[in-house]
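Examining the three-dimensional arrangement
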Amino acid sequence: MNQKALKKLEFDKIIHILTNHAASSGAKEMCQNLQPFLSLAQIEQVQMETSDALRRIYRKGSLSFGGIRDVRGSMKRLEIGGVLGMGELLQIMSLLETAHKVKQYGQRESDEESKDSLDESFELLEPITSLANEIRRCIISEEEMADDASSALSHIRRSMRQMNDKVHSTLNSMVNGSVRTYLQDAVITMRDGRYCLPVKAEYRGQVPGMIHDQSSTGSTLFIEPMAVVKLNNDFKELLLKEQQEIEKVLAELSEKAAGYMELISDDYRLLVNLDFIFAKAMLAKEMKATRPIFNTEGRIHIKDGRHPLLDPKKVVPINIWLGKDFDLLIVTGPNTGGKTVSLKTVGLFTLMGQSGLHIPAFDRSELAVFDNVFADIGDEQSIEQSLSTFSSHMSNIVSILKEMTLNSLVLFDELGAGTDPTEGAALAISILDHLHKQGIRSMATTHYSELKIYALSTDGVENACCEFDVESLRPTYRLLIGIPGKSNAFAISSKLGLPDFLIEDAKKQINAQDENFEDVIADLEQSRVTMEKEQADIARYKEEIRKLRNALQKKQDRIDERTEKIINDANEKANAILREAKEYADETMKNFHKFGKAGISAKEMEAERARLREKIKSTETGIKTQPAKPKKKVKAEKLNIGDRVRVLSLNLEGTVSTLPNAKGDLFVQMGILRSQVNIKDLEFIGEAEQLQKTASTSGSGKIKMSKSASVSTEINLIGMTVDEAMAHLDKYLDDAYLAHVPSVRIVHGKGTGALRNAVHQHLKRSKYVKTYRLGTFGEGDAGVTIAEFK
């Protein structure tokens, strides 16, 4: 891959950000050495690894690799039979403990969880828990070994503590006794690993012992008193024994580690690779990036792509496609309008994608696999090489033309700039046409109108522009493919205050053909803005219609559910009445049979009882299986909106809301219930006008009030369990609401408050309860709740 292009497209800055996400030195090194892959199979593999790691991060959270230590040097020493120090053994322990945590993280939570490309790496990790635990038990830090690392070491250190206590006891008695006046300070110090006293030089003869050191001024001598010489010698011997025992423990631990050299090396390699993969996933998460789809046909389709190095809060997403209908894209527009950013976005996304990194774009964006990416971007004039801007660009272009292949991506920024505009435009057209004829995927930015005309007149070449808002004199940074850019020089100059006569004079310098071309571009731009506005309005209307449709469907579902509940409740109630009537009739007949009456034989009474039972049974069966037949059939052509009808299946009266369709289905309003029924299920009651005339003289008012009159304004729940009370309350609220009762009184008592809380929760969930409150003085206080309906 062309290293100059990597630098120009700022791929190195992406690598720097990626490196910061890696924890181990090995993974950081892998990040720094990352290069784009050229094989589609390799690209798909590394992209899948990044996707699988990102999926795990979203599902389980991030994974820490901070405990990875580079143990390759230690493994080489073990290979030749060396003994590792405490620091090296602690590094091995840290590596193994990290392997244990990572392996646990990688375990699937259930057998149903699908496998991914990282499962094998997680499964191959061997934490070697026994070795890690043994190192942790024996070694406290890089400079300290635990007392219980071995029984001998524990015995030695116990003896050392006892010897130390003896030395201090002896010296303390001297400091606080006869030699106190000979000391410079009443302290015990250590020189060369032996305990001493700071004696004044003039009293050196008064404190017999060995001189180990003196102060810089010579006024103080550090003397080891003869009374502790032997104790110090014994202490020194114990120090040597301690060191020997430490070395023995280290040798044993090194020998154990040597038995797992291959596994430890594999753990290090696997952990570093996983650290590298998860660093790519963390970068994708930070950039809100997605996995691109790769192809080998040279197609690029970036959806809402955001340059990863720009402020994500300010960057404007762009849509770019190339390689399907056209292989050359020419981008025009004003300076600082986003042309170069668009160019770099295409190149950088290609490099990132082929390196296994996700790209900050909408899901399922497409990228092509290129064997090389070339970019001529920026000012490369060189004083040392006596190269001007044009010369440096042309040198780079010559190099690109020599090295490019049919499967290369070529990017030009301001092609042909830096020289005479006429000659520069001619050169630019010649170079781009050369690439176009070979089918090489190319993208170029320019200010030359000649290139716009070339794109308009050549098949397989497309114009694009970066949108500019003339009113605010600011670019919008949106890339518009299919529309050539307009320079807007006159409009910008006028906005900035350039006199009109100068602008008019400048317009005269432009020939008619160029002026007409700019006018066509302006008309195209105006038409595009209008179309986009209309499309936005259409999209908004569609969204509103969708929301209304969903709301209507939810409302219909609620009505259907309510209807079904009412029917079920009615059937249950009817069955209960029939059963009760049957039992009552049986009991009555039995009484007749038991007590008898004058002139009626037992046989006749039994026959009468059987006849009555059969009649009730047939009535019950008829209610369950035989639909009621209308007394007065309804004809569709005579039915009008507002007519009163009875819905036989529900045994409810209602008003016709809509006329029947071809199937005979229509909507009927029954109180608060609006349901779709078939015309065959209706019984005609009267026309709207007729009902209005007879309402005052007929008894229909009494019929309408029958339900209201039968529903009490109070329900008593005292003595019921919570479940029983809620069932009664739910049914009572339905009846009271349908009867248009404005408010009800619910008696639940005080007690523990459980029933009251359950009643309040039920009222809170009820859709037709407006407000509820506890009773006041005279209404029942806290033992009563008053509920008002909507």
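Concerning the sheet that holds strand S3 (residues 189-191)
Within a sheet, neighbouring strands are paired by backbone hydrogen bonds and run either parallel or antiparallel to one another. Strand order in the open sheet formed by four strands is S3-S4-S6-S5, with antiparallel pairing between adjacent strands. Looking at the sheet topology across the chains shown, the edges are occupied by S3 and strand S5 (209-214). Across this sheet, the average inter-strand angle for adjacent strands is 50°, counted without regard to direction. Against the sheet, helix H9 (residues 151-175) engages strand S4 (194-200) and strand S6 (220-225), with an angle of about 10° to S4.

Things to note about H9
Taking 1.5 Å of rise per residue, the 25 residues of H9 would be expected to cover 36 Å, and the 36 Å separating its terminal C-alpha atoms lies within 8% of that figure. Of all the residues in H9, the buried ones are Leu 153, Ile 156, Arg 157, Ser 159, Met 160, Met 163, Val 167, Leu 171, Met 174 and Val 175. Contacts made by the buried residues of H9 are with strand S2 (144-145), S4, S6 and helix H10 (226-258).

Describing the packing of aromatic side chains
Taken as a whole and assessed by the stated rule, the structure comprises nine aromatic pairs. Counting every residue linked through ring pairs, the aromatic cluster contains Phe 65, Tyr 105, Phe 122 and Phe 278. Against the face of Tyr 105 rests Lys 60, its NZ or CZ located 5.5 Å from the ring centre. Of note, Arg 540 hangs over the ring of Tyr 541, and the distance from its end group to the ring centre comes to 5.3 Å.

Some words on the packing of helix H13 (residues 389-403) against helix H14 (residues 421-437)
The contact between H13 and H14 brings their axes to 13 Å, and the two run at 15°. When the interaxial angle is binned, H13 and H14 end up roughly parallel. At the point where H13 passes H14, the crossing takes the left-handed sense. Facing H13, whose interface residues are Phe 390, Met 394, Ile 397 and Leu 401, H14 presents Leu 427, Ile 431, His 434 and Leu 435. A per-class count over the contact of H13 with H14 returns seven nonpolar, one polar and no charged.

Description of the pattern of salt bridges
Applying the stated criterion across every chain yields a total of 35 salt bridges. Between Asp 116 and Arg 56 there is a salt bridge whose closest N-O contact spans 3.0 Å. Of the two residues, Asp 116 is situated in the loop between helix H6 (86-106) and helix H7 (119-124) and Arg 56 in helix H4 (residues 40-60); the sequence distance between them amounts to 60 residues. Here Asp 116 falls in the buried class, since its relative accessible area comes to 19%. A salt bridge links Lys 565 to Asp 569; the shortest N-O distance between them is 3.2 Å. With Lys 565 and Asp 569 both in helix H18 (residues 512-595), this residue pair falls four residues apart, about one helical turn. For Asp 569, a relative accessible area of 26% puts it in the partly exposed group. Connected via shared salt-bridge partners are Arg 562, Lys 565, Asp 569, Asp 730 and Asp 734.

A short note on the sheet that holds strand S23 (residues 743-747)
Sheet architecture is open: four strands sit in the order S22-S23-S25-S24, paired in mixed fashion. A strand with exactly one partner marks an edge of an open sheet, and here the two such strands are strand S22 (714-716) and strand S24 (769-774). The average angle at which neighbouring strand axes cross in this sheet is 20°, direction not considered. Pairing between S23 and strand S25 (residues 784-789): five bridges, direction antiparallel. In the strand pairing of S25, Val 744 is matched with Ala 787.

Observations regarding the environment of Leu 717
By the element assignment, Leu 717 lies in the loop between S22 and helix H22 (722-738). Along the chain, Leu 717 and Ile 746 lie 29 residues apart, while their C-alpha atoms are 7.4 Å from each other. Not counting chain neighbours up to four residues away, the residues in contact with Leu 717 comprise Ala 725, His 728, Leu 729, Ile 746, Val 747, Leu 755 and Val 759.

Calculation rules
Numbering of residues starts from 1 in each chain and follows the order in which that chain's sequence is written. In keeping with the model being predicted, local features are shown solely for residues with a pLDDT of at least 70 and side-chain atom pairs are shown and tallied solely at 80 or more, while totals for entire chains, interfaces and linings include all residues. Remark: hydrogens and water are excluded; side-chain values derive from all non-hydrogen atoms of the structure. Pairing between two strands requires that DSSP report at least two bridges joining them. Numbering of helices and strands runs from the N terminus, with a helix taken as a DSSP run of H or I at least four residues long and a strand as a DSSP run of E at least two residues long. Lines fitted to C-alpha atoms define the axes, with helix axes restricted to the stretch in contact, and inter-axis angles between N-to-C directions lie between 0 and 180 degrees. A contact between two residues is defined here by any heavy atoms of the two lying within 4.5 Å. What a helix should span is 1.5 Å times the count of its residues minus one. Residue exposure (1.4 Å probe, protein chains only): buried if accessible area is under 20% of the type maximum, exposed if over 50%, otherwise partly exposed. Ring pairs shown here join Phe, Tyr and Trp side chains whose ring centres sit within 6.5 Å, with only the six-membered ring taken for Trp; geometry is labelled stacked below 30 degrees between planes, edge-to-face above 60, and tilted in between. Only lysine NZ and arginine CZ atoms are considered, and such an atom sits over a ring when it is within 6 Å of the ring centre and within 35 degrees of the ring normal. Should an angle fall under 35 degrees it is taken as roughly parallel, and over 145 as roughly antiparallel, whereas 65 to 115 is taken as roughly perpendicular and any remaining angle as oblique. Each crossing gets its handedness from the near helix: less than a right angle anticlockwise from the far helix is left-handed, clockwise is right-handed. Following the grouping adopted for this structure description, the nonpolar residues are Ala, Val, Leu, Ile, Met, Phe, Trp, Tyr, Cys and Pro, the charged ones are Asp, Glu, Lys and Arg, and the polar ones are all others, Gly among them. Any Lys or Arg side-chain nitrogen located within 4 Å of an Asp or Glu carboxyl oxygen qualifies as a salt bridge.

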